[in-house]
Amino acid sequence: MAYHYLTSPTLARVPDLLDFVSARTGEPSPGTSHRLTAYFVHDSGDDGFLRHTNVVARAQRGLSARLVRNADYLAASVRIPIFSAAFVAAIGSELDRDLEFHRCVVRCQSEEYDDYSVARVKTVLPLIDEARSRQRPSAGGGSPILAEPFYREEYANQFLIARDARYRTMVCSPRLVELVQAHRLKVRFTATN
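Here the structure is a predicted model, which is why all the values come from computation and not from measurement.

Participant: An account of the overall build of the protein chain is requested, with residue identities and associated values reported.
Facilitator: Scanning the protein chain from N- to C-terminus turns up 4 helices and 13 strands. The burial tally for the protein chain puts 50% of its 193 residues in the buried class. In the protein chain, 68% of the contacts between residues at least 6 apart in sequence involve partners at least 24 apart. Working note: accessible area of the protein chain is about 10,000 Å², and carbon and sulfur atoms make up 46% of it.

Participant: Quick one: what's the story with the packing of aromatic side chains, residue by residue and with numbers?
Facilitator: The final tally for this structure, using the stated rule, is 5 aromatic pairs. Seen in terms of ring centroids, Tyr 39 and Phe 40 are 5.1 Å apart; in terms of plane orientation they differ by 85°. Their pairing is edge-to-face. Judged on exposure class, the residue Tyr 39 and its partner Phe 40 are both buried. Centroid distance Phe 83 to Phe 101: 6.1 Å. Interplanar angle 75°. Geometry classified as edge-to-face. Taken as a pair, Phe 83 in strand S5 (residues 82-84) and Phe 101 in strand S6 (residues 99-108) lie far apart in primary sequence, 18 residues in all. Taking the relative accessible area as the measure of exposure, Phe 101 reaches 24% and is therefore partly exposed. Through pairs of rings, three or more aromatic residues link up here, namely Tyr 73, Phe 83, Phe 87 and Phe 101.

Participant: Describe the pattern of salt bridges, listing the residues and the values that go with them.
Facilitator: Inspection of every chain in the model, using the stated rule, returns 9 salt bridges. Asp 43 serves as the salt-bridge partner of Arg 168, at 3.0 Å between the closest nitrogen and oxygen. Placement of the pair is Arg 168 in the loop between strand S11 (161-164) and strand S12 (170-172) and Asp 43 in the loop between helix H1 (30-40) and strand S3 (55-59), with a sequence separation of 125 residues. Across the pair Arg 132 and Asp 129 runs a salt bridge whose closest N-O atoms are separated by 4.0 Å. By relative accessible area, which is 17% here, Asp 129 ends up buried.

Conventions adopted
- Residues numbered from 1 in each chain as written.
- Predicted model: local features only at pLDDT ≥ 70, side-chain atom pairs only at ≥ 80, totals over all residues.
- Heavy atoms only, no water.
- Helix = DSSP H or I, 4+ residues; strand = E, 2+ residues; numbered from the N terminus.
- Buried < 20%, exposed > 50% of the residue type's maximum accessible area, 1.4 Å probe, protein only.
- Contact = heavy atoms within 4.5 Å.
- Areas by Shrake-Rupley, 256 points an atom, 1.4 Å probe, with all protein chains shown as cover.
- Phe/Tyr/Trp six-rings, centres within 6.5 Å; stacked < 30°, edge-to-face > 60°.
- Salt bridge = Lys/Arg side-chain N within 4 Å of Asp/Glu carboxyl O.

In short, shape yes, function no, at least from these values alone.
Here it is, written out as structure tokens:
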């Protein structure tokens, strides 16, 4: 049984379609990215800051408003999933155990869409089988980088979407792929091992 990665159906060759930006300035901000990454990717802190700010994602150049509006999943530069209102309405309740949704505004060219949601992946498991995975040295001589991950299959029935406890990579079970396809949502998946 293979797990899957979410990929955007709009531009498969562009891995990170959106950057998170400051709601005030509209420009990327290290503080904004750090706070979002800490909460949404690393489970640090609480969601209190979300009551006082809007999460804003800006499409990178070359991405048209039509492509953004036609996608039910958008990839972000800091590994936080962004889902359309159609995705949340169709299968959000099925993902209640695995995802926590928060409102997000997506800006693309001169358009602004306020019907998207960012999601914190609540299900965190030791998914990566490190003995079978291939790693490569990092450029700076630090910790090795996971080059070809292999996933433990014994967790496949415990989630629809989860993050690995160590590497924080996000994977989907085959059941999520089936749900997305049954609802004809515009999300692409890439199979793993």
